[in-house]
Amino acid sequence: ERISLWGGRFAGGPADALAELSRSTHFDWRLAPYDIAGSKAHAAVLRSAGLLDDAAYGAMIDALDRLLADVRSGEFAPAPDDEDVHTALERGLIERAGADVGGRLRAGRSRNDQVATLFRMYLRDHARRVATLLLDVVQALHDQAAQHLGVAMPGRTHLQHAQPVLLSHHLLAHAWALLRDVDRFRDWDRRADESPYGSGALAGSSLGLDPEAVAADLGFSRSVENSIDGTASRDFAAEFAFVAAMSAVDISRIAEEVVLWATKEFSFVTLDDAYSTGSSIMPQKKNPDVAELARGKAGRLVGDLAGLLTTLKALPLAYNRDLQEDKEPVFDAIDTLEVLLPAFSGMVATLTFHPQRLESLAPQGFALATDIAEWLVREGTPFRVAHEVAGECVRVCEDRGIELWDLTDDDLAAINPALTPGVREVLSVEGSLASRDARGGTAPSRVREQLASLEARIGPA
Ligand code: ARG
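As the structure is a computational prediction, the values presented were derived from the model and not from experiment.

Student: What exactly am I supposed to notice about the environment of Thr25 here?
Tutor: As for its placement among the helices and strands, Thr25 is situated in helix H2 (residues 25-28). Residue Thr25 is classed as partly exposed on the basis of its 19 C-beta neighbours within 10 Å. A C-alpha to C-alpha distance of 8.6 Å links Thr25 and Pro80, two positions 55 residues apart in sequence. Not counting residues up to four positions away in its chain, the partners in contact with Thr25 are Pro78, Asp82, Asp84, Val85 and Ala88.

Student: Sorry, what's going on with helix H4 (residues 54-73) here?
Tutor: Since the α-helix turns once every 3.6 residues, residues separated by three or four places project in the same direction. Under the 1.5 Å per step criterion, the end-to-end length of H4 is 29 Å for 20 residues, consistent within 8% with the ideal 28 Å. If you check which residues of H4 are buried, you get Ala59, Met60, Ala63, Leu64, Leu67, Leu68 and Val71. In this fold, the buried residues of H4 make contact with helix H3 (32-48) and helix H5 (85-102). A positive phi of about 90° marks Gly74, the residue just after H4.

Student: What is the right way to read unusual backbone geometry from this model?
Tutor: Across residues other than glycine, the phi torsion is negative in most instances, and most of the peptide bonds are trans. With an omega of 0°, the peptide bond between Leu317 and Ala318 qualifies as cis. Looking at where Ala318 falls in the secondary structure, it is placed in the loop between helix H11 (289-312) and helix H12 (327-349). Notably, Phe366 is not glycine yet its phi reads approximately 55°, a positive angle.

Parameters and conventions
- Residues numbered from 1 in each chain as written.
- Predicted model: local features only at pLDDT ≥ 70, side-chain atom pairs only at ≥ 80, totals over all residues.
- Helix = DSSP H or I, 4+ residues; strand = E, 2+ residues; numbered from the N terminus.
- Buried ≥ 20, exposed ≤ 12 C-beta atoms within 10 Å, placed from the backbone.
- Contact = placed C-beta atoms within 7 Å.
- Expected span 1.5 Å × (residues − 1).

Dropping the structure here:
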């Protein structure tokens, strides 16, 4: 016989097809420990309000503790007739404490305020976990940057050679983006730090229960200002899904570069055997599957966010059953990141870079043309003219199949008299890098400074 939470006004139980549709235990069971923590906090305020005597309170807490142990051991699990995690645990409580004691816990609360609270608790825990895993990727990028200080590479825009940069500078660019994602999780947590418990179904509780006490018990700084908002809002879930998706998108940008860098044509990196896969038919293959999966899974997290927002769109206040659809996309985002990020940080940490290859390509593609133009500007030529002159240098080189540094003093003077031999000081990668020495630039001194400021944010290695 199905345990029903609303037997009174119904002649019979739900149709099997409705029970099938309604059931959520296959995905909300992970909230069970949080539900039990919520029940214990709720029991305490029922006692404070004089609605549970000490004996009943003691029996209730004892039964809830045993229930938690049984949930943990797998002894207690949801049955097919349990609609959701809350229903299943109420059955478990009644089985352990008896119908009289067990039946008192539901006073003054609703699954609407319960689930809104538990979901936040779960997400707050996992926000911390995911942030820690993101920091591991940041650390791996930092360590590679620190180990390769001084190695130049081709900096690109539009994927075309643009200007030489330091490899460390490039790697740290990814690190800063991920660090902002970590900040976003922390910032999100400040807004999620509000307990809806005590909101009841929507209007609040009439039983003299103290929502602030429950909030404190469950690790929240405060309870919600508005019980309707507390039970109806899911922006905390959508915002979490955004931060998760943004993190995955930032990871995917590193992933795409690793895929390119590991090709024969680039040959910037070699993947560690432990973080690459072979082919069942082509014996020579070494595939960047970690990076590819990271790139692919980013799409999945964007989908999780889009699906959730679509569910929330235009829902009237307060609780609607549609809201049961809020959990799977966010759980999927968390599960995905929690398996992806450890593999990803391992892959980054074990990349072998090829400094000679990177350095030899750094000045290619006339990547020092901007340096010629800026040298001319420093010598007093207007930039518009300088840009033309440097462009002409490129054209001459392209026609003759040579590089900028192959131009003779006579070639230079013929292009423009302002191009005196002094220009050669910037026609090297070292000169080019060293000249970009404003804050945030690729000059080695600035990149060392950047590395130190990242260390100040993430702590020593
Ligand atoms: N399982 C539901 C959810 O996840 C909570 C139950 C609320 N149900 C209801 N009929 N008020 O949103």
